[in-house]
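# Structural characterization, general
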Amino acid sequence: MSARLSRRLARLAAERRKALVTFVMAGDPDSATCLEYVRKLPAAGADIIELGMPFTDPMADGPAVQAAGLRALAAGMTLDRTLDLVARFRKEDDDTPIVLMGYYNPIHRRGGKAFAQSASKAGIDGLILVDLPPEEADELLPDLRAAEIDLIRLATPTTDAKRLPAVLNGSSGFVYYVSITGTTGAAVPEVAPVGAQVARIKAATRLPVMVGFGIRDAARAEAIARVADGAVVGTALVQAIERAGADKAAAVSGITALVRELAKGVARASA
Amino acid sequence: MAAPNSFRIGPDERGHFGRFGGRFVAETLMPLILELEKAYARAKADPAFHAELGRYMTHYVGRPSPLYHAERITRHCGGAKVYFKRDELNHTGAHKINNCMGQILLAQRMGKTRIIAETGAGQHGVATATVAALFGMPCVIYMGEVDIERQKPNVFRMKLLGAEVRAVTSGSRTLKDAMNEALRDWVTNVADTYYIIGTVAGPHPYPAMVRDFQAVIGKEAREQMMQAEGRLPDTLVACIGGGSNAMGLFHEFLDEPSVRIHGVEAAGLGLDSGKTAASLSRGQPGVLHGNRTYLLQDADGQIDEAHSISAGLDYPGIGPEHSWLHEVGRVEYVSATDQEALDAFQLCSRLEGIIPALEPAHALAHVLKIAPKLPKPHIVLMNLCGRGDKDVFTVAEALGRKL
């Protein structure tokens, strides 16, 4: 269990605050610009940072996150550079938890143990792997545990009551509830069914439940955060990078302004 | 690695062939994958399912496909006796329909109302569109933009059959990207949609299920060879992209120690040209599209783009059972280049009056290499898994002719 992540989650609970979890793609549009805006995310209101690991074949992502990954790869992003980006962020911020999110193959290629050790050293707190379901996770879990990295599991609208224990077994940190059946940014979730699903998950675990996929603005973040422990926003943020194009300063200011807006929405849900 | 008692017992209950295979999919799909596994197990144990499938195989697909002694190729090689298993004579012109027929019956049993598929050469897309038309189900086929360009006849065939062909513009715009897009569709429409995967890859139970539906090729070939020659073949040869026609032929013979088995990957411009599709020869184990298998990838685990003149072999992975058979040494995996396949394509057309697809032209290229060196009584059985009508534009372009 990551000390940084558990401290942050405990503090949010003690202060009765909902979490804003921000997803950005490591190295998008390039490593230096990415580090610049990631450094500004905590002050803008991000409680937890999810950092996408670029992959050539992101099967569960919509067009915006696919494009973000391709921008990062084209700019030369690698797993080592992603870890280096986190290590540099950690020199200034040792409190904000960082969760890597992506696909299994780059980690498989590196080897679970080697990855877990270097990720822990860089200051990574958690890992979300879209294509590593509980049925296959045993091969990675011991290495992550030894390195005190949380394997954060995804629950979805199709995860029924019978299956939920298998998903929760071995998960730590928080549970990521995927609000829609579909790819990232594809549709806008309805609040009522999400609330019902979150309640069902919370009845089965003491872990906080963060909800993501399709949350695009402050109003939706507020509405979702009211029925969960936090809201995850990704597609809307990487689209701010896309819109900025070659203007690096606009990318940084655009994304921080958007995070500040989102944070206000989530704060309203906490009140 | 110690040889197992049987090469035909896999996969285990988690869908693993040794360390390969498995179920590496998004959580949204997991419950459906588990449901599919149960539904397939029930169908597999149900004589009514097999009776219905058998009827369609006989009267609609046109099975059994002939076993043909290719006399002029044999004479040309001057060595081993060469037989073709004529799966290019099936309805729709390739082995792909064997699998589609089985899966659409399963989709119906599961109450699914919409069909999706990926396609490379378009053969699987055409076969899927065909069975969808036969059963009156709406059908969406994902196909890379590059493949749409080089397989125009098949694109139009799919449209004639009532399918919607969606062009995939992401990544290398070929088969792997079509599969990504089909998976994105499936994760979005998980409740009503059945995904007919076209090869022995993807999450469990697909590799085993597609193999089982294709195994009819090897079962027929064994019987036919016993009738023709009174004995088993000595060497089997089949081309491999994902590897479904090869698994279909090989599976029946895996536990026959006298039978040598050769799988032929597409070397593209050459194994070390950087423009190849030979996943076993030039890949490393990795995880993509739901299974662990050999993949063309870089040192950072990013998937490389494959290259082959044959759209059906242009894929950076291979079915997990092949990866396992490679590692335990039961099947020998070799390769043939674009040029060798083109030469074999033309030779077969002129000598046998059979225009093969570019995919089995790779298998034939290998036969042409080994048969001259083998003694006359040696029997080589090659799976001629598709016909070449769809490839005439590609071949004309490669030969510098304008149509």
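Above this text sits the structure in question.
Described in the following lines is the structure provided in the data block. (Residues numbered from 1 in each chain as written. Chains lettered and ligands numbered in written order. Predicted model: local features only at pLDDT ≥ 70, side-chain atom pairs only at ≥ 80, totals over all residues. Heavy atoms only, no water.)

## Let's talk about helix α5 (residues 123-134) of chain B
All names here are of chain B. Compared with an ideal rise of 1.5 Å per residue, which puts twelve residues at 16 Å, α5 spans 16 Å between its outermost C-alpha atoms and is within 8% of the ideal. Burial within α5 is extensive, with ten of its twelve residues counted as buried. The set of residues buried in α5 consists of Q123, H124, G125, V126, A127, T128, A129, T130, V131 and A132. Residues of α5 that are buried sit in contact with α2 (47-61), α4 (96-109), β5 (114-119), β6 (139-144) and α7 (152-160). G136 sits one or two positions beyond α5 and adopts a positive phi of about 65 degrees. (Helix = DSSP H or I, 4+ residues; strand = E, 2+ residues; numbered from the N terminus. Expected span 1.5 Å × (residues − 1). Buried < 20%, exposed > 50% of the residue type's maximum accessible area, 1.4 Å probe, protein only. Contact = heavy atoms within 4.5 Å.)

## Side note on helix α1 (residues 30-44) of chain B
Taking 1.5 Å as the rise per residue, α1(B) with 15 residues should run 21 Å; its terminal C-alpha atoms sit 21 Å apart, in good agreement. When α1(B) is considered as a whole, its buried residues turn out to be M30(B), P31(B), L32(B), I33(B), L36(B), A39(B), Y40(B) and A43(B).

## Quick look at the environment of G10(B)
Residue and element names in this part refer to chain B. Its location among the elements puts G10 in the segment before β1 (16-17). In the structure, G10 is positioned 135 residues away from E145 in sequence and 36 Å away in space, judged by C-alpha atoms. Residues within four places of G10 in sequence aside, it is in contact with F17 and R211.

## Some thoughts on the interface of chain A and chain B
Taken together, the contacts link 37 residues of chain A with 37 residues of chain B. Both sides of the chain A and chain B interface together cover about 3000 Å² of buried area, and 48% of this is carbon and sulfur. When the buried area of chain A at its contact with chain B is split by residue, M59(A), R109(A) and E136(A) rank highest and sum to 22% of it. The interface formed by chain A and chain B includes five salt bridges. A salt bridge links R14(B) to D138(A); the shortest N-O distance between them is 3.7 Å. Across the contact surface, chain A and chain B share 22 residue pairs in polar contact (both at pLDDT 80 or more). Breaking the side of chain A that touches chain B down by element, the ones donating at least two residues are α3 (63-74), α5 (105-110), α7 (134-137) and β6 (154-155) of chain A. Among the elements that take part in the side of chain A that touches chain B, α5(A) stands out by supplying five residues, more than any other. Considering only residue class, the side of chain A that touches chain B consists of 15 nonpolar, eleven polar and eleven charged. (Buried area = accessible area lost by both parts, 1.4 Å probe. Salt bridge = Lys/Arg side-chain N within 4 Å of Asp/Glu carboxyl O. Polar contact = N/O pair within 3.5 Å; in protein donor to acceptor, adjacent residues only side chain to side chain. Nonpolar A, V, L, I, M, F, W, Y, C, P; charged D, E, K, R; others polar.)

## Side note on the sheet that holds strand β4 (residues 81-85) of chain B
Residue and element names in this part refer to chain B. Pairing within the open sheet is mixed, and its six strands lie in the order β3-β4-β14-β9-β10-β13. The outermost strands of the open sheet, each flanked by one partner alone, are β3 (67-69) and β13 (332-337). Averaged over neighbouring strand pairs, the angle between their axes works out to 30 degrees when direction is ignored. Sheet topology note: the strand β10 (residues 260-268)/β13 ladder contains six bridges and is parallel. (Pairing = 2+ DSSP bridges. Axes fitted to C-alpha atoms, helices over the stretch in contact; angles between N-to-C directions.)

## Observations concerning the nonpolar core
Counting residues in hydrophobic clusters, the biggest one holds 161 residues, and the most contacted among them are L127(A), Y176(A) and Y194(B). For this core, the leading source of residues is helix α13 (residues 248-270) of chain A, giving eight residues. Discounting chain neighbours no more than four positions away, the residues touching Y176(A) are E50(A), M101(A), I128(A), I152(A), R153(A), L154(A), A155(A), M210(A), G212(A), F213(A) and V232(A). (Core = buried A, V, L, I, M, F, W, Y, C linked by side-chain atoms within 4.5 Å.)

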